[in-house]
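The chain contents come next:
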Amino acid sequence: MKLLSSLITLCTIQSVISSYCFWNTGCPYKYFSNKTPYNSVRGDIRDSAIKLTGCEPVSIWSLIRHGQRNPGTEFGIHMKAALVISDYLKSAYEKGDSSLCAQDIENLRNWPINKDLFDKPFQLTKEGFLESEGIGRRLKQAFPKLLENLESNEYLFRPAPGPWMAESVNGFVQGISSKPLTIESPRTDFDILSPYDNCPKYLKEVKTNPETYAPSMKYQTSSEYLVSKDRIQRRLGIDYPLTPTNITALYDLCRYTSSGITNTFSPWCALFTTEDLKVMEYVADLRHYYKSGYGTPMSELFGQITLTDLLKSFQEAKSGKGRKITAYISHATMMDMLHTALKLFKDDAPLSSSKRKPDRKWRSSKLAIFSANLMAVLNKCNKGPDDYNVVFYLNEEPLQAICKEGVCTWKEFEDKLTPFLNTNTEFCNVEPSS
Ligand SMILES: *[C@@H]1O[C@H](CO)[C@@H](O)[C@H](O)[C@H]1NC(C)=O
């Protein structure tokens, strides 16, 4: 009890203590935008599954982001180069220039870094596999009757292309079933799991267009960012002038070497105050917002295309010809687009590149974390043959924002999704002359 109350005290006064130590803070900030370990922030479908009297689940549809993976080639190179900063930190501390705590520096210097992190870009980590496996396992426990002894025509599992997607779906299926189940191969032509990848207009005008990333770059010149950068530089007390690239690399070391499964935070996170971590988080929120969220009108359309699969899948289940479970593994981009199509987490004003709004709805630490998932459960209820409803869950918690308490009547569900059937990818064709 005494420990608990001292932890609470630490949490509340942490921001006013000047020499704050990371190693003994009771409440490290755990929102690492699109690299947040799933287990740090997830709910638990076994506790949160909504049980409605007179109803029983008949079908589940879900889209899941792949689990934690190693950084891509480019980011990995920067992270590897930044490791040397650990030596600068040590000498700055010895010279008395650093405000970091002795224990934090010691922990950082002893922190093992798995070489695979840099040498095997994009590879799913063990943590990532366990994230996916955990989702499958908990889902099975939450819906035991529905998911036991699945016959081959009762399920569909498919990943988007990429070895880390394939590994994630393997984990998920292992969690669902102790006997092996068939997994569909990824589609390399058009697929609803990443429709934007086959859209020349999106690739040209958004994905590879520097304008898309301009708001995030601009924020890195805002006074808020510069104050944070300056604060980091001063706390570390190193002569080496840190660039935004170096700071991103240090941030990546913090988030990629933290674990939600064992609930351990990387000592690399000690280089940042909570306020700094919030600034880093916003840099990523802006990228997501303008690349795959409300910042580009195409996001909504791609999300609609994918959601027609949910509609059709439940219409079939309702007619008695459907599957018990459909699960797809895809990218953070796709997750963002689903939310955009459903008009969820939409702020009144576009995200600003000069000032972060602390209570914004668009948060990559919620929408685009590792293993982020959107699930829908179709329930058949006993008040007549057409009595169905659909419950939505985000990261294993009821998605309150979509319908009252996360439960949509069948009519609300159809009214929301049916217009999406008119969406197609004709807009993707770029004029031959351009
Ligand atoms: C810091 O970033 C610059 C590029 O902005 C890079 O050339 C340099 O190697 C980085 N230094 C460290 C220690 O990571």
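Look above for the structure.
Residues numbered from 1 in each chain as written. Predicted model: local features only at pLDDT ≥ 70, side-chain atom pairs only at ≥ 80, totals over all residues. Heavy atoms only, no water.

What about the site of the ligand?
- By nearness alone, every residue bordering the ligand is listed as A81, A82, V84, I85, Y240, T243, T245 and N246.
- Measuring from a nitrogen atom of the ligand, one finds a side-chain N or O atom of Y240 at 2.6 Å.
- Take N246: an N or O atom from its side chain is 2.3 Å from an oxygen atom of the ligand.
- Here the ligand loses 63% of its free accessible area of 360 Å² to cover by the protein chains.
- Those elements that place two or more of their residues in the shell around the ligand are α4 (73-82) and α14 (244-256). (Near = heavy atom within 4 Å. Polar contact = N/O pair within 3.5 Å; in protein donor to acceptor, adjacent residues only side chain to side chain. Areas by Shrake-Rupley, 256 points an atom, 1.4 Å probe, with all protein chains shown as cover. Helix = DSSP H or I, 4+ residues; strand = E, 2+ residues; numbered from the N terminus.)

Quick word on the pairing of strand β3 (residues 325-330)
- In terms of residue burial, β3 counts as a mostly covered element, since six of its six residues are buried.
- Inspection of the sheet shows strand β1 (residues 55-65) paired to β3 by six bridges, in the parallel sense. Among the inter-strand pairings, W61 is bridged to a residue of β3, identified as T326.
- As paired elements, strand β2 (residues 155-159) and β3 share five bridges and run parallel to each other. (Buried < 20%, exposed > 50% of the residue type's maximum accessible area, 1.4 Å probe, protein only. Pairing = 2+ DSSP bridges.)

Quick look at the state of the cysteines
- By the definition in use, this model includes five disulfides.
- Here C254 pairs with C269 through a disulfide, and the sulfurs are 2.2 Å apart. Judged by the sign of its S-S torsion, about 90°, the cystine formed by C254 and C269 is right-handed. Remark: C269 occurs in the loop between α14 and α15 (274-292) and C254 occurs in helix α14; sequence separation between them is 15 residues.
- A residue is classified by how much of its surface remains accessible, and C269, at 1% relative accessible area, is buried. (Disulfide = S-S within 2.5 Å.)

Describing the environment of Q123
- On the secondary structure map, Q123 appears in the loop between α7 (116-119) and α8 (126-142).
- By relative accessible area, which is 36% here, Q123 ends up partly exposed.
- When neighbours within four sequence positions are excluded, Q123 is seen to be in contact with R69, N70 and D116. (Contact = heavy atoms within 4.5 Å.)

Structural notes on the pairing of β1
- In this sheet, strand β4 (residues 373-381) lies alongside β1 in antiparallel orientation, the contact comprising nine bridges. When the bridges of β4 are listed, P57 appears paired with N379.

Some words on the packing of α15 against helix α17 (residues 332-341)
- Between α15 and α17, the shortest axis-to-axis distance is 9 Å and the interhelical angle comes to 70°. When the axis of α15 is compared with that of α17, the two are roughly perpendicular. The element α15 and its partner α17 pack so that their crossing is right-handed. Here α15 contributes H288, K291 and S292 to the contact with α17, which in turn contributes A332, T333, D336, M337 and T340.
- Taken together, the residues of the contact of α15 with α17 sort by class into two nonpolar, four polar and two charged. (Axes fitted to C-alpha atoms, helices over the stretch in contact; angles between N-to-C directions. Parallel < 35°, antiparallel > 145°, perpendicular 65-115°, else oblique. Left-handed = near helix turned anticlockwise from the far one by under 90°. Nonpolar A, V, L, I, M, F, W, Y, C, P; charged D, E, K, R; others polar.)

Focus on the pattern of salt bridges
- Using the criterion set out here, one finds 28 salt bridges in the structure.
- A salt bridge links D230 to R234, with the shortest nitrogen-to-oxygen separation between them at 3.3 Å. Note that D230 and R234 are positioned in helix α13 (residues 223-236) at a spacing of four residues, about one turn of the helix.
- Given a relative accessible area of 56%, R234 falls into the exposed group.
- For K318, the salt bridge is made with D386, and the minimal N-O distance between the two is 2.7 Å. Separated by 68 residues along the polypeptide, K318 in helix α16 (residues 297-318) and D386 in the loop between β4 and β5 (388-394) bring together distant segments of the chain.
- Taken together, the salt bridges that share partners define one network made up of R158, E184, R187 and D191. (Salt bridge = Lys/Arg side-chain N within 4 Å of Asp/Glu carboxyl O.)

Quick look at the packing of aromatic side chains
- Scanning the model with the defined rule gives 24 aromatic pairs in all.
- With a centroid separation of 5.1 Å and an interplanar angle of 20°, the aromatic rings of F122 and W164 are classed as stacked. With F122 in the loop between α7 and α8 and W164 in helix α10 (residues 163-176), this residue pair connects regions lying 42 residues apart in the sequence.
- Taking relative accessible area as the criterion, F122 reaches 32% and is therefore assigned partly exposed. (Phe/Tyr/Trp six-rings, centres within 6.5 Å; stacked < 30°, edge-to-face > 60°.)

Concerning α13
- Here α13 contains 14 residues, and its C-alpha end-to-end distance of 20 Å stays within 8% of the 20 Å for a straight helix at 1.5 Å per residue.
- For α13, the full list of buried residues reads E224, Y225, S228, I232, Q233, R235 and L236.
- Elements that come into contact with the buried residues of α13 comprise α5 (85-94), α12 (210-219), α14 and α15.
- Of the residues one or two after α13, G237 is the one with positive phi, at around 65°. (Expected span 1.5 Å × (residues − 1).)

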